[in-house]
Amino acid sequence: MSAERTKDGKEVGREFDQTQLKLAQFKYQPHKDYLGHIFRWGFATKFVDRSKKVLDVGCGQEMPFARSLGGSNPNSVPSLYVGCDLNKIKEPVKRKNFHVYDECNFIEGWRGIRKEHGKFDVIVNFEVFEHMAMEHGRKMLKGFNKCLADDGKLIFRMPVYSDRFKMAKNHINELRKHEIEEELHRAGFKIIQQFGTFGNWNDLKAVASKKEIDLYKTLGQFYGNELLGCFMSPKYPEAARNITHICVKQDNEAETEMELKPSNIK
């Protein structure tokens, strides 16, 4: 990653960053970053049912997505769940047909995972790409394509690089929105939907309608900016600081066109 994108103007010298987002960090003072993560796990469960095989790459030491499966919706327990993370997982989720590969580098281990479990209907990958050097991120996306069933979906999320805020210090490879889209296309994916996950109000109000701005102000009398930063972001991914991309393989002709407005794809 070039020095111009880092906060201190220095080249990034590491290939992987193993930062973990943990609940204890935000238990008493919620931050929009973590709130956005909580909402994304609930969103991803919509793609899971008892017939699905799910691969969760970068599942995290606390395995939050795995723990959310079957919570308020018992039908969201998949037929197979496979979690993979570069870190050691001290207390993995132990359920029938749940398998965990910790201290596992997916770009080196995906062939073994596919050989053991076959292809997957849903692949979930949240906030991992930006913690890898570009060459590794590209290999990871190619591995997703090889592990995804022909009619499967990839739910891929990462932050969007901002010239104003620069790259987070624990990130190695933040990309602009159109660069993320180009990398997904290069790896053989087609984006069919996009949702912003959280953003800054100054960015969102520039694209919001007057009614939405009035509603935001009304809700702001009770909710803080940390929650409101997540409020309208799903509708306006072009103004969000983090985007969830729903992808299918490019050769899947059965999928419908992207449901959001054409300006979402540059």
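Refer to the structure presented above.
Here we summarise the structure given alongside this text. (Residues numbered from 1 in each chain as written. Predicted model: local features only at pLDDT ≥ 70, side-chain atom pairs only at ≥ 80, totals over all residues. Heavy atoms only, no water.)

## Things to note about the overall build of the protein
Okay, so step 1: When helices and strands are tallied, the protein shows eight helices and seven strands.
Okay, so step 2: Summing over all exposed atoms, the protein offers an accessible surface of approximately 13500 Å²; the carbon and sulfur share of this is 50%. (Helix = DSSP H or I, 4+ residues; strand = E, 2+ residues; numbered from the N terminus. Areas by Shrake-Rupley, 256 points an atom, 1.4 Å probe, with all protein chains shown as cover.)

## With respect to a positive patch on the surface
Okay, so step 1: Together, Arg-111, Arg-114, Lys-119, Lys-142 and Lys-146 give the surface a local cluster of positive charge.
Okay, so step 2: At the level of secondary structure, the elements contributing two or more residues to the positive patch comprise helix 3 (106–117) and helix 4 (134–147).
Okay, so step 3: You can see Arg-111 is positioned in helix 3. (Patch = residues over 30% accessible without salt bridge, like charges linked within 9 Å, V, L, I, M, F, W, Y side chains within 5 Å. Salt bridge = Lys/Arg side-chain N within 4 Å of Asp/Glu carboxyl O. Lys, Arg positive; Asp, Glu negative; His and termini not counted. Charge placed at Lys NZ, Arg CZ, Asp CG, Glu CD.)

## Topic: the pattern of salt bridges
Pairing is possible between side chains of opposite charge, provided their charged atoms come close.
Okay, so step 1: By the definition in use, this model includes 10 salt bridges.
Okay, so step 2: Arg-186 is the salt-bridge partner of Glu-183, the closest N and O atoms lying 3.4 Å from each other. Remark: Arg-186 and Glu-183 occur in helix 5 (residues 177–186); sequence separation between them is three residues, near one turn of the helix.
Okay, so step 3: Glu-183 gets classed as buried once you look at its relative accessible area, which sits at 7%.
Okay, so step 4: Between Lys-235 and Glu-212 there is a salt bridge, with its nearest N and O atoms 2.6 Å apart. (Buried < 20%, exposed > 50% of the residue type's maximum accessible area, 1.4 Å probe, protein only.)

## Structural notes on the packing of aromatic side chains
Okay, so step 1: What the rule picks out here adds up to seven aromatic pairs.
Okay, so step 2: Between Phe-222 and Tyr-223, the aromatic rings sit 5.1 Å apart at their centres with planes inclined by 90°, giving edge-to-face as the arrangement.
Okay, so step 3: On the basis of relative accessible area, Phe-222 is assigned to the exposed category, the value being 73%.
Okay, so step 4: Judged by its relative accessible area of 38%, Tyr-223 is partly exposed.
Okay, so step 5: One aromatic cluster in this structure is built from Phe-43, Phe-47 and Phe-195.
Okay, so step 6: We note Lys-53 situated over the ring of Phe-120; from NZ or CZ to the ring centre the distance is 5.7 Å. (Phe/Tyr/Trp six-rings, centres within 6.5 Å; stacked < 30°, edge-to-face > 60°. Lys NZ or Arg CZ within 6 Å of the ring centre and 35° of its normal.)

## Structural notes on the packing of helix 3 against helix 4
Okay, so step 1: Two elements in contact, helix 3 and helix 4, have axes whose closest approach is 9 Å; the angle formed by their N-to-C orientations is 10°. With respect to helix 4, the element helix 3 is oriented roughly parallel. Contacts from Phe-106, Ile-107, Trp-110 and Arg-114 of helix 3 reach helix 4 at His-136, Lys-139, Met-140, Gly-143, Phe-144, Lys-146 and Cys-147.
Okay, so step 2: Here the residues of the contact of helix 3 with helix 4 sort into six nonpolar, two polar and three charged. (Axes fitted to C-alpha atoms, helices over the stretch in contact; angles between N-to-C directions. Parallel < 35°, antiparallel > 145°, perpendicular 65-115°, else oblique. Contact = heavy atoms within 4.5 Å. Nonpolar A, V, L, I, M, F, W, Y, C, P; charged D, E, K, R; others polar.)

Purely spatial values, then, with no claim about function.
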